Amino acid sequence: MNGAVFLDKDGTLVVDVPYNVDPARIQLYPDAGLALKGLQQAGYRLVVISNQAGVARGYFEETALDAVWQTLGDQLLPYGVTFDGFYYCPHHPEGQVTGYAIDCDCRKPRPGLIQRAARALHIDLSQSWMVGDILNDVEAGNRAGCQTILVDRGNETEWVTGPWRTPTVTVTSLQEAADYILGQGAGTSDGY
Ligand SMILES: [Mg+2]
Ligand SMILES: [Zn+2]
């Protein structure tokens, strides 16, 4: 098994505070630790895949994200969980910061971040999953060749559907997502 679980950050691993890079305001969802522990123990690499357009918009410097990844890692240490990588897109086509205001290939729903992580970490995408709280996460995962899980916490509001935007399964918590991955779906998808 050489798969990974790619995880969106905002609204999936942590409560979404738009454009936040203040470590004091990073709040992990309560079930994240045990859910990720189970996945890691099963042999999945854990990789964060995050759009960080605040860089392109001039809200914070790229270096401010170092403390974010550090804090996220620290909060999972009590569970024995360690991330294998943090990949982020600092771009946005309507940004104001020179060099970052571009139409890149890594901003979700595009699959560039996942593909870059897979190359660097020698991950088999066909054995991998992308887990996120909106359909842009689902599309990025599907385009990369992963299976996909939508953790529906009410954060998706537009519901623009399409051939790439259908998740393998929809759940309402990280623990349910982990259970589905580990059980390959048995009995956890009722109602979807
Ligand atoms: Mg999100
Ligand atoms: Zn990008």
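Our structure's up above, just so we're on the same page.
A quick note: this is a predicted structure, and the numbers were derived from the prediction, not measured.

### What about the overall build of the chain?
1) Next: Across its full length, the chain holds five helices and six strands.
2) Next: From first element to last, N terminus to C terminus, the chain shows the α and β order β-α-β-α-β-α-β-α-β-β-α.
3) Next: In terms of overall dimensions, the chain is globule-like: its C-alpha atoms have a radius of gyration of 16 Å, near the 16 Å expected for 192 residues.
4) Next: Along the first, second and third principal axes, the C-alpha set of the chain runs to 50 × 40 × 35 Å.
5) Next: For the chain, the residues scored as buried account for 42% of the 192 residues in total.
6) Next: Across the chain, every contact between residues at least 6 apart in sequence was considered, and the portion connecting residues at least 24 apart equals 62%.

### Looking at the sheet that holds strand β1 (residues 4–7)
1) Next: On the basis of which strands lie adjacent, the open sheet formed by six strands has the order β3-β2-β1-β4-β5-β6 and parallel pairing. Unpaired on one side and paired on the other, β3 (85–89) and β6 (169–171) mark the two borders of the sheet. Going across the sheet, the axis of each strand differs from the next one's by a mean of 20°, ignoring polarity.

### Quick notes on unusual backbone geometry
1) Next: The omega torsion across lysine 108 and proline 109 is 20°, close enough to zero to call that bond cis.
2) Next: As for its placement among the helices and strands, proline 109 is situated in the loop between β3 and α3 (112–121).
3) Next: The phi angle at tryptophan 159 is positive, at roughly 50°, despite the residue not being glycine.
4) Next: Note on tryptophan 159: 8 C-beta atoms within 10 Å, which makes it exposed.

### Here's the deal with the nonpolar core
1) Next: Counting residues in each nonpolar core, the largest one holds 46 residues, and the members touching the most others are Val5, Phe6, Ile114, Val131 and Ala177.
2) Next: Once residues lying within four places of it in the same chain are set aside, the contact partners of isoleucine 114 are Phe6, Ile49, Met130, Ala140, Gly141, Ala144 and Cys146.

### Let's talk about helix α2 (residues 65–76)
1) Next: The first and last C-alpha atoms of α2 sit 17 Å apart over twelve residues, in line with the 16 Å expected at 1.5 Å per residue.
2) Next: Residues Val68, Leu72 and Leu76 constitute the buried set of α2. One side of α2 holds all its buried residues, which, seen down the axis, span an arc of 60°. Residues Asp66 and Asp74 are exposed on α2 and point more than 90 degrees away from its buried face.
3) Next: The inward-facing, buried residues of α2 abut α1 (32–41).

Reading guide: rules and limits
Residues numbered from 1 in each chain as written. Chains lettered and ligands numbered in written order. Predicted model: local features only at pLDDT ≥ 70, side-chain atom pairs only at ≥ 80, totals over all residues. Helix = DSSP H or I, 4+ residues; strand = E, 2+ residues; numbered from the N terminus. Rg over C-alpha atoms; globule rule 2.2 N^0.38 Å. Buried ≥ 20, exposed ≤ 12 C-beta atoms within 10 Å, placed from the backbone. Contact = placed C-beta atoms within 7 Å. Pairing = 2+ DSSP bridges. Axes fitted to C-alpha atoms, helices over the stretch in contact; angles between N-to-C directions. Core = buried A, V, L, I, M, F, W, Y, C linked by C-beta atoms within 7 Å. Expected span 1.5 Å × (residues − 1). Arc of directions from axis to C-beta.

Everything listed here is a matter of coordinates, which is why it stays silent on function.
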